[in-house]
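So the chains spell out like this:
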Amino acid sequence: MSTALLTARPAPLTRPAIPALPAWAPRVPALAALALLPWLAVLVACHETAWVALDLAELTALLGLDTLLRRRSPAAFGSACVVALLLAGDALADIGTAAPGLPLLAALVMACCVELPLAVLCLALGRRAGAGQGRGPARRPLALPSIRARVSSSLGV
């Protein structure tokens, strides 16, 4: 039986590179919110109260994300997470409540071609804003003395 001694140091933790997004990408949340308005009118006319409430929440979250992206706020990542959660929940609810046949196919197409890709794009936009791209270097956390240093100094060692 043999034992191996590993002497290599572990690689330092690094964040993966944030992929570049097209110049038009930050405008997508505002355009998606604008595109929701006619659909909301249809839902209101059909007295679909629950769907109106969900889509109003999506509209509000998309406009909030757009505002934070324009300000290049690090809080955009949290807002992007909310948008992605609402869109994924909407897709799941649409698929789960759709009747078999053509309505189910329509729900699947909307989920795969609109709602879920929009959720992923919003997360990418929020991550980019949260990483502070285009800003100065990130602030380092304050260095706190280690417990060993405090204990040894209090013992007079």
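Data block above holds the structure.
Here the structure is a predicted model, which is why all the values come from computation and not from measurement.

Engineer: Explain the environment of Cys 81 to me, please; I cannot follow it from the model alone.
Structural biologist: Tracing the chain through its elements places Cys 81 in helix 3 (residues 76-97). Residue classification places Cys 81 among the partly exposed positions, given a relative accessible area of 32%. Between the C-alpha atom of Cys 81 and that of Gly 126, which follows or precedes it by 45 residues, the distance is 7.8 Å.

Engineer: In this structure, what is going on with the nonpolar core? I would like to understand it.
Structural biologist: One recurring pattern in soluble globular proteins is that nonpolar side chains are buried together. If you look at the biggest cluster of nonpolar residues, it comprises 25 residues, and the most contacted ones within it are Leu 62, Leu 65, Leu 69, Ala 76, Val 83, Leu 118 and Cys 122. For this core, the elements supplying multiple residues, two or more each, are helix 1 (28-45), helix 2 (49-70), helix 3 and helix 4 (102-130). Top element by residues in this core is helix 2. It accounts for 7 residues. Other than its neighbours up to four places away in sequence, Leu 65 contacts Pro 29, Ala 76, Ser 79, Ala 80, Val 83 and Cys 122.

Engineer: What is the right way to read helix 2 from this model?
Structural biologist: Counting along an α-helix, one turn takes 3.6 residues, and residues three or four places apart therefore face a common direction. Helix length check: helix 2 (22 residues) gives 32 Å between terminal C-alpha atoms against 32 Å at 1.5 Å per residue, within 8%. All of the buried residues in helix 2 are Val 52, Asp 55, Glu 58, Leu 59, Ala 61, Leu 62, Leu 65, Asp 66, Leu 68 and Leu 69. Each element contacted by the buried residues of helix 2 is listed here: helix 1, helix 3 and helix 4. Count one or two residues on from helix 2 and you reach Arg 72, which has phi positive near 55°.

Engineer: Please explain the packing of helix 2 against helix 4 as it appears in this structure.
Structural biologist: Relative placement of two packed helices is described by the angle separating their axes and the distance separating the axes. The N-to-C vectors of helix 2 and helix 4 enclose an angle of 30°; their axes lie 10 Å apart at closest approach. Comparing their axes, helix 4 and helix 2 come out roughly parallel. The interaxial crossing formed by helix 2 with helix 4 has left-handed handedness. Counted together, Leu 62, Leu 65 and Leu 69 of helix 2 and Cys 122, Leu 125, Gly 126 and Ala 129 of helix 4 form the full contact between these two elements.

Engineer: Looking at this model, I keep getting lost on the pattern of salt bridges. Mind explaining?
Structural biologist: Between side chains of opposite charge, a pair can form when the charged atoms approach closely. Taken as a whole and assessed by the stated rule, the structure comprises 1 salt bridge. Between Arg 70 and Asp 66 there is a salt bridge whose closest N-O contact spans 2.9 Å. Taken as a pair, Arg 70 and Asp 66 lie in helix 2 at a separation of 4 residues, close to a single helical turn. Residue classification places Arg 70 among the exposed residues on the basis of a relative accessible area of 61%. Accessibility expressed as a relative area gives 8% for Asp 66, which makes it buried.

Engineer: What's the story with a nonpolar patch on the surface in this structure? I'm lost.
Structural biologist: Together, Leu 31, Leu 34 and Leu 37 give the surface a local cluster of nonpolar side chains, amounting to about 310 Å² of exposed area. Along the chain, the position of Leu 31 falls in helix 1.

Engineer: Even after reading the chapter, I still don't get unusual backbone geometry, so can you show me in this structure?
Structural biologist: What is expected of a backbone is that most residues other than glycine have negative phi and most peptide bonds are trans. Even without glycine at this site, His 47 takes up a positive phi of about 60°. Examined against the element boundaries, His 47 turns out to sit in the loop between helix 1 and helix 2. For Arg 72, which is not a glycine, the phi torsion comes out positive at approximately 55°. Within the element layout of this structure, Arg 72 appears in the loop between helix 2 and helix 3. Owing to a relative accessible area of 53%, Arg 72 belongs among the exposed residues under this scheme.

Criteria and cut-off values
- Residues numbered from 1 in each chain as written.
- Predicted model: local features only at pLDDT ≥ 70, side-chain atom pairs only at ≥ 80, totals over all residues.
- Heavy atoms only, no water.
- Helix = DSSP H or I, 4+ residues; strand = E, 2+ residues; numbered from the N terminus.
- Buried < 20%, exposed > 50% of the residue type's maximum accessible area, 1.4 Å probe, protein only.
- Core = buried A, V, L, I, M, F, W, Y, C linked by side-chain atoms within 4.5 Å.
- Contact = heavy atoms within 4.5 Å.
- Expected span 1.5 Å × (residues − 1).
- Axes fitted to C-alpha atoms, helices over the stretch in contact; angles between N-to-C directions.
- Parallel < 35°, antiparallel > 145°, perpendicular 65-115°, else oblique.
- Left-handed = near helix turned anticlockwise from the far one by under 90°.
- Salt bridge = Lys/Arg side-chain N within 4 Å of Asp/Glu carboxyl O.
- Patch = residues over 30% accessible without salt bridge, like charges linked within 9 Å, V, L, I, M, F, W, Y side chains within 5 Å.
- Areas by Shrake-Rupley, 256 points an atom, 1.4 Å probe, with all protein chains shown as cover.

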